[in-house]
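# Per-entry structural report
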Amino acid sequence: MKEPIFTGSGVAIATPFTKDGVDFDTLGEMLDFQLKEGTDAVVACGTTGEASTMTPQERIQVIEFCVDRVNGRVPVIAGSGSNSTEVSVSLSNDAEKAGADGLLLVTPYYNKASQEGLIRHYRAIADKVSLPCILYNVPSRTGVSIAPGTYAELAKHPNIIGTKEASGDLGKIQQTRNLCLEDFYIWSGNDDETVPICTLGGIGVISVIANIIPAEMHTLTQLCLDNDFSAAGKLQLYLKDFCDAMFCEVNPIPVKTALKLLGWRMGDLRLPLCPPGETNLARIRETLVKYALLPAE
C-alpha cells in the first residue's frame with residue numbers, strides 16, 4: 001500500500017527575490033517561521049513560488065536550500081511540472097538529486113493535452129524517478145483538467161500517490177474518490193475548499209495562505225484529520241474572507257503583497273506579474289488588520 005508523503009497543511013512557499021536572484025536569507029527565515037508554526041510540509045517551486053519565471057538553476061538551488069534548511073523535520077516537495085514532458089523529467093531528476101522527498105507535477109499547460117496525453121505524460125515522468133509523485137490539477141491556469149477516469153489509470157502507477165485538486169469541482173472529486181483505491185490521496189489545492197475536500201476523504205491542503213497564517217492552517221487540517229468537522233467548518237468559515245482577499249488577484253500577487261506589508265523582504269514580483277492596483281492593495285491591507293495581523297491605522 002502506498003503511503004502519503006504528508007498529512008495536514010503543506011505550505012506552497014513563496015520565493016523572495018532580490019534584483020540579482022533569490023533572497024536565500026529571507027527564504028531561510030520564512031522556512032524557520034513555517035516550522036515553528038507547525039506546517040507539515042514545504043512545497044518549493046510551485047505556482048506561489050513563481051517557478052515559471054525562475055531559471056532551472058534557480059529552481060534547483062531553491063530546492064537544495066529548502067532540503068538543507070528543513071533538514072528532515074518535514075517533507076520537502078519540489079514542483080517539477082512543465083508543459084514539456086522531457087523538461088519535466090529533467091526537472092524531476094534534478095529535484096530528486098537535490099534531495100527532495102516528493103514531486104508536485106502540474107498538468108502540462110498551453111498544450112491542452114488529451115486525457116490519453118496526460119496519462120502518457122505522467123507515466124513517462126513517474127517511470128524516470130523513484131520519488132512519490134503528486135499530480136496537480138488546476139485547469140483555471142493550465143487549460144486542461146484531469147478526469148476521474150484518468151486519475152484511476154494513473155493511480156495504478158506505484159510512484160503516483162495522489163493529487164492536489166484545485167479544479168473546484170467537488171462532484172468530480174467525489175467520482176475520483178469512488179474510482180481510486182484508498183492509497184490514492186487527495187490534497188486540497190484551494191484554501192477555501194480544505195474542509196469540503198477533507199470530508200470527501202482528503203488528507204490536507206497545499207496552501208497559499210499558510211505563508212501568512214501557518215498555525216491556523218495546521219489547526220484546520222488537524223481538526224479534519226481528527227474528524228472534528230464541526231470545529232473545522234467553523235474555522236473554515238472564519239477564514240473565508242482571508243482566503244478571498246488573498247486571491248483578489250492572481251496568485252501569488254496578493255500573498256506576496258501581504259507578506260511585504262507584514263515586513264518580509266520579498267522583493268519584486270517577476271514579470272509578467274506586477275503589484276496589485278490601489279483598490280486591491282487596500283483590501284489586502286484591510287484584511288490583515290481585520291485578522292489582527294497588522295495594527296489599525
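Let me begin by describing the structure that accompanies this report. (Residues numbered from 1 in each chain as written. Predicted model: local features only at pLDDT ≥ 70, side-chain atom pairs only at ≥ 80, totals over all residues. Heavy atoms only, no water.)

### Here's the deal with the overall build of the protein chain
Broken down by element type, the protein chain carries twelve helices and eight strands. Taking 19 Å as the expected radius of gyration for a compact globule of 297 residues, we find that the protein chain reaches 18 Å, a close match to that expectation. Principal axes of the C-alpha set define a box for the protein chain whose edges measure 55 × 45 × 35 Å. When burial is assessed residue by residue, the protein chain has 55% of its 297 residues classed as buried. When the accessible area of the protein chain is evaluated, it comes to approximately 12600 Å², of which 51% is carbon and sulfur surface. (Helix = DSSP H or I, 4+ residues; strand = E, 2+ residues; numbered from the N terminus. Rg over C-alpha atoms; globule rule 2.2 N^0.38 Å. Buried < 20%, exposed > 50% of the residue type's maximum accessible area, 1.4 Å probe, protein only. Areas by Shrake-Rupley, 256 points an atom, 1.4 Å probe, with all protein chains shown as cover.)

### Looking at the packing of aromatic side chains
A complete count under the given rule lists seven aromatic pairs for this structure. Taking the centre distance of 5.3 Å and the plane angle of 25° together, the rings of F6 and W187 count as stacked. Of the two residues, F6 is situated in the segment before β1 (8–12) and W187 in strand β7 (residues 185–188); the sequence distance between them amounts to 181 residues. Exposure class is identical for F6 and W187. Each is buried. Taken together, a centroid distance of 5.1 Å and an interplanar angle of 65° make the contact between Y238 and Y291 edge-to-face. Note that Y238 is positioned in helix α10 (residues 229–245) and Y291 in the segment after α12 (278–290), a separation of 53 residues in sequence. These aromatic residues form a ring-pair network of at least three members: F6, Y185 and W187. When the ring centre of Y136 is taken as origin, the NZ or CZ atom of K164, which lies over that ring, is 4.0 Å away. Here the guanidinium or amino end of R270 rests over the ring plane of F17, the centre of that ring lying 3.9 Å away. (Phe/Tyr/Trp six-rings, centres within 6.5 Å; stacked < 30°, edge-to-face > 60°. Lys NZ or Arg CZ within 6 Å of the ring centre and 35° of its normal.)

### Section: the nonpolar core
Core analysis: the largest hydrophobic core is formed by 76 residues, its most contacted members being I63 and I212. Here I212 is in contact with F33, F242, M246, V255, A258, L259, L262, L288 and L293, once residues within four sequence places are set aside. One finds F6, V106, I134 and A166 within the second-largest nonpolar core, a separate group that totals 17 residues. (Core = buried A, V, L, I, M, F, W, Y, C linked by side-chain atoms within 4.5 Å. Contact = heavy atoms within 4.5 Å.)

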